[in-house]
Amino acid sequence: MATLKEIAQEAGVSLATVSRVLNEDPSLSVKEETKQRIFEIAERLEYKTSSARKGVHKSKLHFLVVYSYPQSTEVNDPYYLAIRYGIETQSARLNIELTHLYNCGEGRELTEVDGILVVGSLSAERLAQLRTCSNMLVFVDCRAMEEFDSVDVDLALISQQVVDYFIAQGHQRIGYIGGQDDNPDLRELAFRDYGQRLGVVQENDIYRGDFSSASGYRLAKEMLAGDWPKALFVASDSIAIGVLRAIHEKGLAIPQQIELISVNDIPTAKFTFPPLSSVRIHSELMGSQGVNLLVERLRDERDIPLRVLVPSRLTLRGTTR
């Protein structure tokens, strides 16, 4: 499809003149033969005016939302529920129809849609299948491939900030309790790399299970059975709830004998005993911005992919001194 600049060059007029002619500016004074020449060139080069482009999207849009995890994950970790809520709230504001598919939509029949939001990561094979429905994809909570838009949070930076905080408090040994799905967790990778370079992280102080409270409880019991670190970075609040239970059963005073910081700052974080120090990730905003990126890319026919990083904030409560 042609651009205004190409039409202006071929017609031998200014870019502004082409724009005003094609958008039927009534205040423009120009010869009829010039107008005719511009319209003929635009027709030949298949240019669409802004009003025509907008007309394409006057009907209700239909987006497919593909989650890389089962719906039960939202029950175990409200972080994921907030992402979906952000997607649904913004879509309702913009009158967008949604179809939700969990577990990457495996086993579900795929139909053509206006765009696709992917929450989490996909295999190359599944991505190829989804692109038969629409080539307009936006990834949420995932560092996507360069050709697609994405909305994410800088998990590596969060890990570094937590390590820096504990070092500033005088800790020389920091442990980690986290989870893992199909891909390595960037929190853990950054924690290990950054902490080992600073000499405060040992491999045997890193514990990994899933992202549930039960897993946090089991891993913390295992850690506390030996010589444990006095500072802990926990990958999520849901895991941290189980960790807190294990620490209480051990009879340790928090934060006097052991400190911990977790991630997500879910609503219940301020009601644990003691209240969790946690890094707030604006997951609802991640979902709504994913919708906005997809709408904007469709509307403006943008080809250059964008990566939006949603900021985070450490909130200190009762699990740190």
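Residues numbered from 1 in each chain as written. Predicted model: local features only at pLDDT ≥ 70, side-chain atom pairs only at ≥ 80, totals over all residues. Heavy atoms only, no water.

The protein carries the name Transcriptional regulator EbgR in an unreviewed UniProt entry, which gives Aeromonas popoffii as its organism.

1. Here we look at the layout of surface pockets
Approximately 950 Å³ is the volume attributed to the largest pocket. At the level of elements, helix 5 (72-76), helix 6 (78-93), helix 7 (124-130) and helix 9 (186-197) are the ones that each hand at least two residues to the lining of the largest pocket. Ranked by residue count, the leading element in the lining of the largest pocket is helix 5, at three residues. Here the lining of the largest pocket is built from residues that sort into 17 nonpolar, 13 polar and nine charged. Reported here for the second largest pocket is a volume of approximately 210 Å³. Lining the second largest pocket are 14 residues, and of these Ala82, Asp265, Pro267, Arg280 and Ser283 lie nearest its centre. Breaking the lining of the second largest pocket down by element, the ones donating at least two residues are helix 6, strand 10 (277-281) and helix 12 (283-300). At four residues, helix 6 tops the list of elements feeding residues into the lining of the second largest pocket. Residues belonging to the lining of the second largest pocket are distributed by class as follows: eight nonpolar, three polar and three charged. (1 Å grid on protein atoms, 1.4 Å probe; cavity = no way out; pocket = protein on both sides within 12 Å on 5 of 7 lines; lining within 4 Å. Points joined across faces, edges and corners; volume = space filled by probe spheres on them. Helix = DSSP H or I, 4+ residues; strand = E, 2+ residues; numbered from the N terminus. Nonpolar A, V, L, I, M, F, W, Y, C, P; charged D, E, K, R; others polar.)

2. Looking at the side chain of His171
Looking at the secondary structure, you find His171 in the loop between helix 8 (155-168) and strand 6 (174-179). Engagement of the side chain of His171 in a polar contact is seen with the side chain of Glu259, the distance being 2.7 Å. Here His171 is in contact with Phe166, Val200, Lys230, Ala231, Glu259 and Arg321, once residues within four sequence places are set aside. (Polar contact = N/O pair within 3.5 Å; in protein donor to acceptor, adjacent residues only side chain to side chain. Contact = heavy atoms within 4.5 Å.)

3. Observations concerning the sheet that holds strand 2 (residues 97-101)
The pairing of strands in a sheet comes from backbone hydrogen bonds and takes either a parallel or an antiparallel form. The six strands lie next to each other as 2-1-3-4-5-11, forming an open sheet whose pairing is parallel. The open sheet is flanked by strand 2 and strand 11 (307-309), the only strands paired with a single partner. This sheet shows a mean twist of 15 degrees between the axes of neighbouring strands, independent of strand direction. As judged from the five bridges shared by strand 1 (residues 62-67) and strand 2, these two strands associate in the parallel manner. Paired with Val66 across the bridge in strand 2 is Leu101. Sheet contacts for helix 6: strand 1, strand 2, strand 3 (115-119) and strand 4 (137-140); angle to strand 2, the most-contacted strand, approximately 160 degrees. The strands touched by helix 12 within the sheet are strand 1, strand 3, strand 4, strand 5 (149-152) and strand 11, with strand 5 carrying the most contacts at an inclination of about 165 degrees. (Pairing = 2+ DSSP bridges. Axes fitted to C-alpha atoms, helices over the stretch in contact; angles between N-to-C directions.)

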